[in-house]
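Observations on chain architecture
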Amino acid sequence: MEKKLIRIISAVLVVLMVATAIIPVVTSANAKEDYEQAQAELEKIEKELNSIKDTKKKQQQEKASTQKQVNLVKSQLATLSAQIEETTAALSEKQAELDAKKVEIYETDELFKSKLKAMYIRRSGNMVATALAVDTFSEMLTAVNTLTNISIADTALLEKLDKEKKEIEKVEAEIEAQLASLEESRTKQQNKQTELATLLQKQNTQLSQTEAQEAAAQAAYEDAKAARDAAQEELRKEFAASGGLDGYVGGTWMWPVPGYTSISSGYGYRNIFGYREFHTGIDIPAGYGTPIKASNSGVVTVASYQSTGYGNRVIVDHGGGYKTLYAHCSSLAIKVGDYVAKGDTIAYVGSTGLSTGNHLHFEIRINDQYTDPTPYVR
């Protein structure tokens, strides 16, 4: 009975030992999967957030353009209103001149008619009275000539007044046409102002909706980042407890600086500063601050500054003896012990260390031996 009990206890202990040995492996696999899912979700939300920000920027530019047009139309309307006011005043002045000239012509015309009537009476109906009113024949001739001269002078005056009246009417017509044109322009500008106000209101509504989407996406991004960081920390702890990666993570390798595909210096021997040296990686020129991506998943084993040579550098262990090195970085985005997924931003392009310009020095090492990284990342 005692031997049977001992056998049972031994069997239970064996099961517990096996279970204890299995748990870290299973948990590690789950933790890695959780991290990669969290990272994928973070990248998805980040892409959506950037798209929303681009839309917001475009909408802000469109709104600014519309507001500029609104301000211009307001300025034009103010100018038109001032011109209409001035033209109206000028028209009123010309109308007053015309009215005065019409009165003057009317009065002169009536006076002329009275004089003609008197001249007619004197010439035809009362020539004897005219003759008796003068003492000599010479005086009579003078009287007749005077009446005739009066007639000629009044006729000239009437013609002068009529000419001035027509000139004033012409100017009045021109001013009225100008005023009508200004009123038409003001109506068009007022209609345009109404259209722009409607457009601006629509743009404000769209911008408000986009800002609300941005706020929601930003909140989702912060939550996703917190979840990713938590998963990364959990994975870091498990890797630290297990001593690191057991085997190669597998999968394909990606180009470490997306968008910058040229190689300024390849792998192998080269002449630099007058000396022949062996170049242990490839140099990829890119703008300062350009994100550097992890070429494959793994654990960060080095993330520090080296005063000579590499400058700011990162080394990622991909298991199975595979490692990648990223050098001359302007700054680093990770720390030692972090698990990074392929495509994660780990650093930024710079020119630290022994470097003559902004670029990434990229290496792939297998069992600590340099190898040409080009076939892997191409």
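This structure is a prediction, so every number in the text was calculated from the model and none was measured.

1. Description of the overall build of the chain
- Along the backbone of the chain there are 4 helices and 12 strands.
- Split into buried and exposed, the 378 residues of the chain put 32% on the buried side.
- Summarising the internal contacts of the chain: among those between residues at least 6 apart in sequence, 73% fall at separations of at least 24.
- Summed over its atoms, the accessible surface of the chain is roughly 22800 Å², and 55% of this surface lies on carbon and sulfur atoms.

2. Details of the confidence of the model for the chain
- In this model, the chain carries an average pLDDT of 81, and 78% of its residues clear a pLDDT of 70 or more.
- Across residues 1-28 the pLDDT falls below 50, and counting only partners more than four positions away or on other chains, this stretch makes 4 contacts in the model.

3. What about the pattern of salt bridges?
- Within this structure, the stated rule accounts for 10 salt bridges.
- E183 serves as the salt-bridge partner of R186, at 3.0 Å between the closest nitrogen and oxygen. Of the two residues, R186 and E183 both sit in helix α3 (residues 137-242), 3 residues apart, roughly one turn of that helix.
- A salt bridge links D338 to K335, with the nearest nitrogen and oxygen atoms 3.1 Å apart.
- Take K335: its relative accessible area is 46%, and that puts it in the partly exposed class.

4. Here's the deal with the pairing of strand β11 (residues 359-366)
- Of all 8 residues in β11, 7 are buried, a share of seventy percent or more.
- Where strand β3 (residues 282-285) lies against β11, 4 bridges are found, and the strand directions are antiparallel. Bridging across to β11, D283 finds its partner in H361.
- As paired strands, strand β7 (residues 322-329) and β11 are joined by 6 bridges and run antiparallel to one another. Across the sheet, K323 pairs through a bridge with R365, a residue of β11.
- Examined bridge by bridge, β11 and strand β12 (residues 369-371) share 3 bridges and lie antiparallel to one another. Pairing of I364 across the sheet is with T371, part of β12.
- The turn linking β11 back onto β12 is made up of 2 residues, and N367 within it adopts a positive phi angle of 55 degrees.

5. A closer look at the environment of Y260
- The topology assignment puts Y260 in the loop between α3 and β1 (268-272).
- Separated by 26 residues in the primary sequence, Y260 and A286 have C-alpha atoms spaced 6.1 Å apart.

6. So, the pairing of strand β5 (residues 298-306)
- Both β5 and strand β9 (residues 339-340) contribute to a ladder of 2 bridges, which runs antiparallel. Each bridged residue has a counterpart across the sheet, and for G298 the counterpart in β9 is V340.
- Connecting β5 to the next strand, strand β6 (residues 311-319), in antiparallel fashion are 4 residues, including G309 with a positive phi near 75 degrees.

7. As for unusual backbone geometry
- Not every positive phi belongs to a glycine, and H328 is a case in point at roughly 65 degrees.
- On the secondary structure map, H328 appears in strand β7.
- The exposure class of H328 is buried, given its relative accessible area of 6%.
- Not every positive phi belongs to a glycine, and D368 is a case in point at roughly 65 degrees.
- Among the structural elements, D368 can be located in the loop between β11 and β12.
- Judged by relative accessible area, D368 falls into the exposed class, the value being 52%.

8. Examining the packing of aromatic side chains
- Scanning all chains against the criterion turns up 8 aromatic pairs.
- Ring centres 5.1 Å apart and planes at 90 degrees place the aromatic pair Y35 and Y339 in the edge-to-face group. Here Y35 is found in helix α1 (residues 2-125), whereas its partner Y339 is found in strand β9, with 304 residues between them in sequence. Accessibility classification places Y35 together with Y339 in one group, the buried group.
- For the ring pair Y326 and F362, a centre distance of 5.4 Å and an interplane angle of 50 degrees mean the geometry is tilted. A residue pair is termed long-range when its members are at least 10 positions apart, and Y326 in strand β7 and F362 in strand β11 qualify at 36 residues. Here Y326 and F362 have matching classes, each one buried.
- Within the aromatic cluster, the residues linked to one another by ring pairs are Y248, W253, Y322 and Y376.
- Its guanidinium or amino end placed over the ring of Y269, R276 lies 4.2 Å from that ring's centre, counting from NZ or CZ.

9. Description of the sheet that holds strand β10 (residues 345-348)
- If you walk across this open sheet you meet the 3 strands as β4-β10-β8, and the pairing is antiparallel. The open sheet has two edge strands, β4 (291-293) and β8 (331-332), and neither has a second partner.
- Where β8 lies against β10, 2 bridges are found, and the strand directions are antiparallel. Bridging from a neighbouring strand, S331 pairs with Y348 of β10.

10. Things to note about the nonpolar core
- Counting 22 residues, the largest nonpolar core has V257, I292, V314, Y326, V340, I346 and F362 as the members making the most contacts within it.
- Elements that contribute at least two residues to this core include exactly β3, β6, β7, β10 and β11.
- At 3 residues, the largest contribution of residues to this core is made by β11.
- Y35, A231, L235 and V299 belong to the second largest nonpolar core, which has 8 residues in total.

Rules behind the numbers
Residues numbered from 1 in each chain as written. Predicted model: local features only at pLDDT ≥ 70, side-chain atom pairs only at ≥ 80, totals over all residues. Heavy atoms only, no water. Helix = DSSP H or I, 4+ residues; strand = E, 2+ residues; numbered from the N terminus. Buried < 20%, exposed > 50% of the residue type's maximum accessible area, 1.4 Å probe, protein only. Contact = heavy atoms within 4.5 Å. Areas by Shrake-Rupley, 256 points an atom, 1.4 Å probe, with all protein chains shown as cover. pLDDT = per-residue confidence, 0-100. Salt bridge = Lys/Arg side-chain N within 4 Å of Asp/Glu carboxyl O. Pairing = 2+ DSSP bridges. Phe/Tyr/Trp six-rings, centres within 6.5 Å; stacked < 30°, edge-to-face > 60°. Lys NZ or Arg CZ within 6 Å of the ring centre and 35° of its normal. Core = buried A, V, L, I, M, F, W, Y, C linked by side-chain atoms within 4.5 Å.

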